[in-house]
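Coordinate inspection notes
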Amino acid sequence: MKIDKAEVIVTSPDRNFVTLKLTTDDGVTGLGDATLNGRELACVAYLDEHVVPLLIGRDPANIEDTWQFLYRGGYWRRGPVTMASIAAVDMALWDIKGKTAGMPVYQLLGGASRRGLMAYGHASGKEIPELFDSIRSHQESGYRSIRVQTGVPGLESIYGIASNHGLPGNEGVRYDHEPAQRGALPMQEDWDTRAYLRHVPDVFEAVRGEFGPELPLLHDAHHRMTPLQAARLGKSLEPYDLVWLEDCTPAENQEALRLVRRHTTTPLAIGEVFNAAWDFQTLITEQLIDYVRAASTHFGGITPLKKLADFAAMYQIKSGFHGPTDISPVGFAAQLHVGMAIHNFGLQEYMEHGEKTNSVFRQSMRFTDGYLHPGDAPGLGVDLDVNEAGNYPYATAYLPYNRLADGTMHDW
Ligand code: GCO
Ligand code: MG
């Protein structure tokens, strides 16, 4: 079998997605996700100009070899654009292998280690009553684990607060909390760490008071603190028994986590912006975190994600793969298959794509009673309706950014 055709498809139902579609000379197709929120067209160019010409005529069966060829052969390693582009090829090849074998990808990775993947949803509210409503509505939809984000007194708008009714033009999207604003320049938000640190423990006190001790709760700090501030937050949240505190400090400097770890027993999750196992090396070998947050899409695909999970397993660290709506249904399916197969699955983030997205990407994935399952269709279990995709042309979109009161740029 040979790869005969490689097409890069850009579509924007609800938000932008970049999909690679490979077709073999036998007519088998495979899909891969190369969506990099706010920088999508860089991946399109990387694939179209530098990867597609290398794929034509290759044997789709040799997944590891193709991965190494694109990673080592390119000489310039890592980085989100490179790794998202390689990820798309890797996923598409696993999709083809599954379809050829007549099996879902998780079977090829070792078979099911569980019945389904516990998912967590994003509850949020500017004020506590809205937050409580959002938690209840998630519970009614079946969620058994909940991420909690709220507004902070004195700050106008911050990361993580959903317009639960859908943003203008995105009305079909239920929980989209981060407008990668379409057709406009990036939106500015404001930030004050001291106000945030004073407020968050009160929010968790209120949530535990209302919903009791059982409900698994999470929180995303979105890289906004110094290690010392992160340690303080972890410590102040200990009474509320979080499943994890996410991205408490930027982790490019992995050693910084030693300080956080020394001061708190709140479990830590890190890595949604990482794109290679090396980014986790110190964090894993020194057991400085409890969950790896990589996403198949930004981490080079299924092949390296499975290796990362096995590496983490040696240190009793579990998966907590990144699953926001800017991972396409293809990328999401890819990591559901990995999550099914590995022993050290922890929790899967699930934000729910909107109706338009689901009309472009038809999925065999299901969400029942709080658990996700990738389905048993051969391959990844996702079909792309090219005609429907064509109805939603690319729209420029940028994530927001943060500034402090004096105008200094801050991590968003
Ligand atoms: C999460 C993430 C996302 C990111 C987004 C950026 O935990 O789901 O923090 O919400 O902000 O993926 O594109
Ligand atoms: Mg996050």
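About the cut-offs
- Residues numbered from 1 in each chain as written.
- Chains lettered and ligands numbered in written order.
- Predicted model: local features only at pLDDT ≥ 70, side-chain atom pairs only at ≥ 80, totals over all residues.
- Heavy atoms only, no water.
- Helix = DSSP H or I, 4+ residues; strand = E, 2+ residues; numbered from the N terminus.
- Buried < 20%, exposed > 50% of the residue type's maximum accessible area, 1.4 Å probe, protein only.
- Contact = heavy atoms within 4.5 Å.
- Lys, Arg positive; Asp, Glu negative; His and termini not counted.
- Charge placed at Lys NZ, Arg CZ, Asp CG, Glu CD.
- Arc of directions from axis to C-beta.
- 1 Å grid on protein atoms, 1.4 Å probe; cavity = no way out; pocket = protein on both sides within 12 Å on 5 of 7 lines; lining within 4 Å.
- Points joined across faces, edges and corners; volume = space filled by probe spheres on them.
- Nonpolar A, V, L, I, M, F, W, Y, C, P; charged D, E, K, R; others polar.
- Donors = N, O, S within 2.8 Å, 3.2 Å for Na, K, Ca; no water.
- Salt bridge = Lys/Arg side-chain N within 4 Å of Asp/Glu carboxyl O.
- Phe/Tyr/Trp six-rings, centres within 6.5 Å; stacked < 30°, edge-to-face > 60°.
- Lys NZ or Arg CZ within 6 Å of the ring centre and 35° of its normal.

Attention now moves to the overall build of the protein. A tally of helices and strands in the protein yields 13 helices and 20 strands. Seen along its three principal axes, the alpha-carbon backbone of the protein occupies a region of about 60 × 45 × 40 Å. Relative to its 412 residues, the protein shows a buried fraction of 58%. Long-range contacts, defined here as pairs at least 24 residues apart, represent 71% of the contacts in the protein between residues at least 6 apart. Between the centroid of the 36 positive side chains of the protein and the centroid of its 52 negative side chains there is a distance of 4 Å.

Taken as a whole, helix α8 (residues 256-263) has its buried residues at Ala256, Leu257 and Val260. Looking straight down α8, one finds its buried side chains confined to an arc of 90 degrees; they lie on one side. Looking at the buried positions of α8, the neighbouring elements they touch are α7 (227-237), β10 (268-270) and α9 (281-285).

Moving on, we come to the layout of surface pockets. Roughly 990 Å³ of internal volume is contained in the largest pocket. If you trace the largest pocket, you find 39 residues lining it, with His223, Glu272, Val273, Leu399 and Trp412 closest to the centre. The residue makeup of the lining of the largest pocket, split by class, is 15 nonpolar, 11 polar and 13 charged.

When a metal holds four donors in a tetrahedron, each ideal angle between them is 109.5 degrees; when it holds six in an octahedron, the ideal angles are 90 or 180 degrees. Asp220 (OD), Glu246 (OE) and Glu272 (OE) make up the full set of protein donors to the magnesium ion (ligand 2), lying at 1.9 to 2.2 Å. All donor residues of the magnesium ion (ligand 2) come from one chain, and their arrangement in sequence is D-x25-E-x25-E. Highlighted residues: Glu246 in strand β9 (residues 244-246) and Glu272 in the loop between β10 and α9, separated in sequence by 26 residues. For Glu272, a relative accessible area of 11% corresponds to the buried category.

Take the pattern of salt bridges next. Applying the stated rule across the entire model yields 15 salt bridges. With a closest N to O distance of 2.9 Å, Glu64 and Lys307 form a salt bridge. In this pair, Glu64 is assigned in helix α2 (residues 63-73) and Lys307 in helix α10 (residues 302-313), connecting sequence segments 243 residues apart. Residue Glu64 is classed as partly exposed on the basis of its relative accessible area, which comes to 35%. For Lys126, the salt bridge is made with Glu156, and the minimal N-O distance between the two is 4.0 Å. Remark: Glu156 occurs in the loop between β5 (145-150) and β6 (181-182) and Lys126 occurs in the loop between β4 (117-125) and α5 (128-140); sequence separation between them is 30 residues. Glu156 sits in the exposed class, given a relative accessible area of 59%. In this structure, a network of salt bridges that share partners links the residues Glu246, Glu272, Arg293 and Glu349.

Right, let's talk about the packing of aromatic side chains for a bit. As enumerated under the stated definition, the model contains 15 aromatic pairs in all. Seen in terms of ring centroids, Trp67 and Tyr71 are 4.8 Å apart; in terms of plane orientation they differ by 20 degrees. Their pairing is stacked. Taken together, the positions of Trp67 and Tyr71, both in helix α2 and four residues apart, correspond to about one turn of that helix. In this structure Trp67 comes out as buried when scored by relative accessible area, which is 11%. Geometrically, the ring pair formed by Phe274 and Phe280 is edge-to-face, given 4.8 Å between the ring centres and 75 degrees between the ring planes. A relative accessible area of 6% places Phe274 in the buried class. Each member of the aromatic cluster is reached from another via a ring pair, and the members are Tyr143, Phe332, Tyr350 and Phe367. Between Arg58 and the ring centre of Phe69, over which it is positioned, the NZ or CZ distance is 4.3 Å.

Moving on, we get to unusual backbone geometry. Backbone geometry at Asp14 places phi at a positive 70 degrees, although glycine is not the residue there. Relative to the elements of secondary structure, Asp14 occurs in the loop between β1 (3-11) and β2 (17-24). Even without being a glycine, His223 presents a positive backbone phi close to 65 degrees. Looking at where His223 falls in the secondary structure, it is placed in the loop between β8 (217-220) and α7.

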